[in-house]
Number of protein chains: 2
Amino acid sequence: MQDTDIKKAGLKVTLPRVKILQVLEQGDAHHMTAEDVYKTLLDRNDEIGLATVYRVLTQFVDAGLVERHHFEGGQAIFELNRGGHHDHIVCRQCGRVEEFVDETIERHQHAIAEKHGFEIEDHSLIIYGNCIKQDCPHRLD
Amino acid sequence: MQDTDIKKAGLKVTLPRVKILQVLEQGDAHHMTAEDVYKTLLDRNDEIGLATVYRVLTQFVDAGLVERHHFEGGQAIFELNRGGHHDHIVCRQCGRVEEFVDETIERHQHAIAEKHGFEIEDHSLIIYGNCIKQDCPHRLD
DNA sequence: ATGCCTGCAAAGCTTTTGCAGATGC
DNA sequence: GCATCTGCAAAAGCTTTGCAGGCAT
């Protein structure tokens, strides 16, 4: 239940916050730019300012409710934090984003950090490629 | 020899291009923002416009001479392509960037791409943490 | 009632682009 | 000489911020 999450973050339960959380929960595309969230809200006739979308997303990131990723392209990508860490594989043709977890990679990263004298906090692994799925609209034949 | 590389890229060998390549080759910090490159040039009394730095770096990236990375923070990071792929581990305290290669991780990435029906083109693996080195100016004690 | 929120518009940053003059070949 | 390149200034994205009014508690 979203209201609880918002409260736990020390934030007031306001309409914009609830709606933004809903978009992130329901979106078929789990990975969205701030602009994507904004436009989705407009499509639903929820008129929420773009500045508010940015502000709220940042607050959610700070609260740990949402993750911010930096893919190619300069725009930040936001994703609801559903627990469970995962990495990403992105199709350069159609923009599709899929998630994966690989325990071996995770372990090796820790070993590498240790070897280099780093206390690991976080990591970002993004595989870029072309998906060869039937419905990739930019499919390479 | 840089002139050859520039020519091979189909670009004229101009002073700005040679100087920018020199900065990337000689920089102790192998990972620089466009602004870093620009300021380094100014320090050497080479007055090259920031727009030119951006334009030339982009041309070098397109030519495969330079790599562009997207770390946290929004600014693109440029690095001379010295052959040999590697990944990065970044200290959030002091900004230090170290490089590493892990064959197991590389292999697993290919396996993951295949499993998801992607033709892998590229990938970006960045580990963020805090280095605990003697000379880290922001060292956590 | 009060303090936290929102919307708007303006500003901030990084990066790109148009154009006139300069330069490499 | 001619095409390509550079510098400047302006513009273009994305994101943040100041402020005045609005809303949750």
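A brief structural summary. (Residues numbered from 1 in each chain as written. Chains lettered and ligands numbered in written order. Predicted model: local features only at pLDDT ≥ 70, side-chain atom pairs only at ≥ 80, totals over all residues. Heavy atoms only, no water.)

Concerning helix α3 (residues 34-43) of chain B
All names here are of chain B. Note the cut-off: Type-normalised accessible area, obtained with a 1.4 Å probe on protein chains alone, sets the label of each residue: buried when under 20%, exposed when over 50%, and partly exposed for intermediate values. Helix numbering and strand numbering both begin at the N terminus, where a helix is a DSSP run of H or I of at least 4 residues and a strand a DSSP run of E of at least 2. Note that the arc is computed from the directions linking the helix axis to the C-beta atoms. Should any heavy atoms of two residues lie within 4.5 Å, those residues are counted as being in contact.
All of the buried residues along α3 are A34, V37 and L41. Along α3, the residues classed as buried sweep out an arc of 65° about the axis, all on the same side. Against α2 (15-26), α4 (50-63) and β2 (76-80) lie the buried residues of α3. Downstream of α3 by a residue or two, N45 has a phi angle that is positive, lying close to 60°.

Looking at the protein's contact with DNA strand D
Which entries qualify depends on this criterion: Proximity criterion: a residue is near a molecule or strand once any of its heavy atoms comes within 4 Å of it. For the purposes of these results, a polar contact is taken to be a pair of N or O atoms within 3.5 Å, where, inside protein, one atom must be able to donate a hydrogen and its partner to accept one; residues adjacent in sequence count only when each atom of the pair is a side-chain atom.
What surrounds DNA strand D is a group of 20 residues, the closest being A:Y54, B:T14, B:R17, B:T52 and B:R55. Taking the atoms of DNA strand D that fall within 4 Å of the protein, sugar and phosphate contribute 70% of them. With respect to DNA strand D, the side chain of B:T14 contributes an N or O atom lying 2.8 Å from a phosphate oxygen. Contacts to DNA strand D include B:T52, whose side-chain N or O atom sits 2.6 Å from a phosphate oxygen.

Section: the protein's contact with DNA strand C
Test applied: Gly falls in the polar group here, along with every residue not listed as nonpolar (Ala, Val, Leu, Ile, Met, Phe, Trp, Tyr, Cys, Pro) or charged (Asp, Glu, Lys, Arg).
Taken together, 21 residues sit near DNA strand C, with A:T14, A:T52, A:R55, B:Y54 and B:A76 positioned nearest. A share of 67% of the atoms of DNA strand C within 4 Å of the protein falls on sugar and phosphate groups. Backbone polar atom of A:E47 to a phosphate oxygen of DNA strand C: 3.2 Å apart, as the coordinates give it. Between DNA strand C and A:G49 there is a distance of 3.1 Å, counted from a phosphate oxygen to a backbone nitrogen or oxygen. Classifying every residue of the surface near DNA strand C gives 9 nonpolar, 6 polar and 6 charged.

Structural notes on the nonpolar core
Applied cut-off: Throughout, nonpolar core names a set of buried Ala, Val, Leu, Ile, Met, Phe, Trp, Tyr and Cys residues whose side chains join them through atoms within 4.5 Å.
Core analysis: the largest hydrophobic core is formed by 22 residues, its most contacted members being A:I89, A:F100, A:F118, B:I89, B:F100 and B:F118. Broken down by secondary-structure element, the contributors of at least two residues to this core are β3 (87-91), α5 (103-115) and β5 (118-131) of chain A together with β3 (87-91), α5 (103-115) and β5 (118-131) of chain B.

A few points about the interface of chain B and chain A
How big an interface is tends to be stated in terms of the accessible area lost upon association of its parts. What counts, and what does not: Buried area is calculated as the accessible area (1.4 Å probe) missing from two parts once they are joined, with the contributions of both summed. Definition used for salt bridges: Asp or Glu carboxyl oxygen within 4 Å of a side-chain nitrogen of Lys or Arg.
Listed by partner, the interface residues are 36 residues for chain B and 37 residues for chain A. Buried surface at the junction of chain B and chain A, summed over both partners, amounts to about 3,300 Å²; 61% is from carbon and sulfur atoms. If you look at where chain B meets chain A, you find 4 salt bridges. One salt bridge in this structure joins B:R92 and A:E121, with 2.5 Å as the shortest N-O distance.

Some thoughts on the state of the cysteines
Disulfides are covalent bonds that connect the sulfur atoms of two cysteines. Stated formally: Only a pair of cysteine sulfur atoms within 2.5 Å qualifies as a disulfide here.
What the rule picks out here adds up to 0 disulfides over all chains. In this structure A:C136 is a free cysteine whose sulfur lies 3.5 Å from that of A:C94, the closest cysteine sulfur available. Classification of A:C136 by relative accessible area gives buried; the value is 4%. Free of any disulfide, B:C91 has its nearest cysteine sulfur in B:C94, 3.6 Å distant. Judged by relative accessible area, which is 1%, B:C91 ranks as buried.

With respect to the sheet that holds β5(A)
Under the convention used in this document: Pairing between strands is defined by DSSP: at least two bridges between them are needed. Whenever a helix is involved, its axis is fitted only over the stretch in contact; in every case the axis is a line through C-alpha atoms, and angles between N-to-C directions fall within 0 to 180 degrees.
The sheet built from 6 strands is open, its strands ordered β4(A)-β3(A)-β5(A)-β5(B)-β3(B)-β4(B) with mixed pairing. The open sheet has two edge strands with one neighbour each: β4 (97-100) of chain A together with β4 (97-100) of chain B. Geometrically, the sheet is characterised by an average inter-axis angle of 25° between neighbouring strands, direction not taken into account. Relative to β4(A), β3(A) runs antiparallel, the two sharing 4 bridges. For A:V90, the partnering residue across the bridge sits in β4(A) and is A:V97. The sheet contacts of α5(A) involve β3 and β5 of chain A together with β3, β4 and β5 of chain B, and relative to β5(A) the element is tilted by about 135°.

Considering empty space enclosed by the protein
Residue and element names in this part refer to chain B. Quick reminder of the rule: Put simply, the grid is 1 Å and covers the protein atoms alone, a cavity is a trapped set of points that fit a 1.4 Å probe, a pocket is an open set with protein on both sides within 12 Å along at least five of seven lines, and lining residues have an atom within 4 Å of a point. Grid points are joined across faces, edges and corners, and a volume is the space filled by probe spheres set on the points.
On inspection of all chains with the given rule, the structure shows 1 cavity of 30 Å³ or more. Here the largest cavity defines a volume of roughly 40 Å³. In terms of lining, the largest cavity is formed by E67, E79, L80, N81, R82, G83, G84, H85 and H86. Tallied by class, residues from the lining of the largest cavity come to 1 nonpolar, 5 polar and 3 charged.

Description of the pairing of strand β2 (residues 76-80) of chain A
Along β2(A), 4 of the 5 residues are buried, which leaves the element largely enclosed by surrounding structure. The antiparallel hairpin formed by strand β1 (residues 66-70) of chain A and β2(A) contains 5 residues in its connecting segment, where A:G73 sits at a positive phi of about 110°.

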